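For reference, the chains in residue letters:
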Amino acid sequence: MGAGGNMSTPTTKTEGKKNPLQRAPISKPPFSIGDIKKAIPPHCFQRSLMRSSSYLVQDLILVYIFYYIAATYIQVLPTPYRYLAWPIYWILQGCFSTGLWVIAHECGHQSFSDYQWLNDTVGFILHSALLTPYFSWKYSHRRHHANTNSLENDENHVPKLKTKLRWYTKLYMNNPLGRLFMLAFTITAGLPLYYAINVAGKPYDRFASHYDPYSPIYNDRERLQIYISDAGLIATIYVLYRVALTQGLTWLICIYGVPLVIVNSFIVIITMLHHTHLSLPHYDSSEWDWLRGALATVDREYGVLTKVFHNITDTHVLHHMFSTIPHYRAMEATKAIKPLLGDYYRFDETPFYKALWREFECIYIEKDEGSQGQGIFWYKNH
């Protein structure tokens, strides 16, 4: 097994930098999760309600300012300027609303504060407002963290084996226009479809949905909170319905609908790029263990959006091992563990829009030739 960790994809190093596509080690790490924790300064595990709240208030203020400008001024602009102003509003509002989604994500991991009731209250309100079923997502996401890169048990972004591809997949994936269409469809509709019918989720033996309290995703202790998640969504949809009656459907789509699509798109892009990479192994039950699975993720660089998204993009490796560390301490903690992790730490600074096109070519996984006895699989560009 250890020999496989030295294999690498045939790419060329440039400018003396580590090749981001070089395969990650697959041998058992020479360190434990306890060793990693000891490398992190103790204060990084401290959650500050005041500091967390400051980021929440900052994002809410910016979102309100963008809304006020759009609702008050854009509609009265002359037509040519209006067509320019709306896309600017959509991008800004979508990006900073993604920041709010990330804060709700932190609430689900209990890294917002020391008080679970407050974390769940804030997370429930924010995610409901963005049409995400908070508790439903919280529990499925927890299982993703518990089973990362397990082919049998990971909860989402489960790659397909080459032998299980549908016959028509390569027809459109080998066609640039077909691939572009599928990419656009995936990033815009992927998250709602994951919530509704478990698209790209763990295969279950019956229908699975984040809206169904009796879905196989959840156990009996969790079902009441799935009802609460649904109630939050119903309340938000009712408010949106009343707004559409008073302001008009077009107004609602421009003010709320398009930014929401951008939020959903960024969440899909962020999570896809964290878990889809030629350097990352995937394990079946004969090889998988929690630490190796958690390490098989990759940090990314999003430029100025990295801060807008509260560093969820470039601290993901750490996050999969210590999800209660708040985002404002995650960079310090990441820097502390990188020397210990060595080649087990993966970072790819390829601009996310370029990486998205490259990684969308990763449509299946398979074992290397001559490694039939190993339960280790790799993405192969078709």
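Q: Explanation requested: the pattern of salt bridges in the structure shown.
A: Once their charged atoms are close, side chains differing in charge can pair, the charge on each being opposite to the other. Following the criterion strictly, the structure yields 14 salt bridges and no others. In this structure, K380 engages E366 in a salt bridge whose closest nitrogen and oxygen atoms are separated by 3.6 Å. Residue K380 is located in strand β5 (residues 376-381), and its partner E366 is located in strand β4 (residues 362-366); the two are separated by 14 residues in the primary sequence. Within the structure, one salt-bridge network assembled from shared partners comprises R23, E366, D368 and K380.

Q: Sorry, what's going on with helix α9 (residues 249-275) here?
A: Owing to its 3.6 residues per turn, the α-helix brings residues three or four apart onto one side. Between its first and last C-alpha atoms α9 spans 37 Å; for 27 residues at 1.5 Å apiece the expected length is 39 Å, and the two agree. Y256 marks the point of greatest bend in α9, at about 35°, and the proline P259 comes within the next four residues. For α9, the buried fraction is high: 20 of the 27 residues fall into the buried class.

Q: Whenever I open this one, the nonpolar core confuses me. Can you help?
A: Nonpolar side chains in soluble globular proteins tend to be buried together. The biggest cluster of nonpolar side chains holds 64 residues, and the ones touching the most others in it are F266, I269, Y302, L305 and F309. Tallying contributions element by element places α9 first for this core, with 15 residues. Contact partners of L305, with chain neighbours within four places excluded, come to C95, F266 and F352. Listed in part, the 18 residues of the second largest apolar core include L295, L318, M321 and I337.

The rules behind these values
Residues numbered from 1 in each chain as written. Predicted model: local features only at pLDDT ≥ 70, side-chain atom pairs only at ≥ 80, totals over all residues. Heavy atoms only, no water. Salt bridge = Lys/Arg side-chain N within 4 Å of Asp/Glu carboxyl O. Helix = DSSP H or I, 4+ residues; strand = E, 2+ residues; numbered from the N terminus. Expected span 1.5 Å × (residues − 1). Bend = angle between axes of the 7 residues up to and from the residue. Buried < 20%, exposed > 50% of the residue type's maximum accessible area, 1.4 Å probe, protein only. Core = buried A, V, L, I, M, F, W, Y, C linked by side-chain atoms within 4.5 Å. Contact = heavy atoms within 4.5 Å.

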